[in-house]
Amino acid sequence: TLHEDYLNLPFFVRWWHYVFYCAADELIVHTQTHKELLPGWLEERTSVIPMGCKVQSYEGITLKTVGTKYILLIGFINDWKGYETVIEAFKEMGGDVPGLKLYIVGRAHDQKYFVKLKGLSEGYDNIVFVEDFVSDEAYKSYVVGAELVCLPYKRITMSAVAGDLIGLGAPILCSTL
């Protein structure tokens, strides 16, 4: 199964991926768009199997943020996810919604980008970073408690997070990719 992040890897690493692709009998991607991004010579051996969506229950989920209204960005923190767009929009909103916070939850894959986000958030107590990989239980807790979950991706063809959010019935705002 090919995951889209290989497109963002350094050339040398992508080159090794291609070596493995040549040896594979079949490749699997999750969207037709992803398949079209691959080199043409891989097309005959590539199948599209859409990512599933597991309908999940709220039962038994303990909210981590009881009594707090917040917008949520959750998942690995990478520059292609466009989190800075939401931070800037949130700052422009100012105090339009009293008590509203922006939670950014996840582990940074790109430290330079993470430092940039922290810089954009400086001086804003209502922008909260939870800088770690969170358990499945904590993940669900943050999602279920959110007023809105944002997926402002700059480039992507499929998101496992989107499937999870749909399965949990979360309100989602996403880019039009």
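This text follows the structure it describes.
What comes next is a walk through the structure. (Residues numbered from 1 in each chain as written. Predicted model: local features only at pLDDT ≥ 70, side-chain atom pairs only at ≥ 80, totals over all residues. Heavy atoms only, no water.)

1. Looking at the overall build of the chain
Keep this limit in mind: A run of DSSP states H or I qualifies as a helix once it reaches four residues; a run of E qualifies as a strand once it reaches two. Both are numbered from the N-terminal end. Only protein chains enter the accessibility calculation, which uses a 1.4 Å probe; a residue whose area is less than 20% of its type maximum is buried, one above 50% is exposed, and one in between is partly exposed. Should any heavy atoms of two residues lie within 4.5 Å, those residues are counted as being in contact. Computed with the Shrake-Rupley method and a 1.4 Å probe, the accessible areas treat only the protein chains shown as cover for residues.
From N to C terminus, the chain includes six helices and seven strands. When its helices and strands are written in sequence order, the chain yields α-β-α-β-β-α-β-α-β-α-β-α-β. For the chain, the residues scored as buried account for 40% of the 177 residues in total. Partitioning the intrachain contacts of the chain with sequence separation of at least 6 by distance along the chain shows that 66% fall at a separation of at least 24. Summing over all exposed atoms, the chain offers an accessible surface of approximately 10400 Å²; the carbon and sulfur share of this is 56%.

2. Digging into the pattern of salt bridges
Between side chains of opposite charge, a pair can form when the charged atoms approach closely. As a reminder of what qualifies: Any Lys or Arg side-chain nitrogen found within 4 Å of a carboxyl oxygen on Asp or Glu counts as a salt bridge.
For the structure shown, the criterion picks out three salt bridges. Measuring nitrogen to oxygen at the nearest pair gives 2.8 Å for the salt bridge that ties E84 to K154. Here K154 lies in the loop between β6 (148-151) and α6 (160-168) and E84 lies in helix α3 (residues 83-93), a separation of 70 residues in the sequence. E88 is paired through a salt bridge with K91; the nearest N and O atoms lie 3.7 Å apart. One end of the pair is E88 and the other is K91, both in helix α3 and three residues apart, which spans about a single turn.

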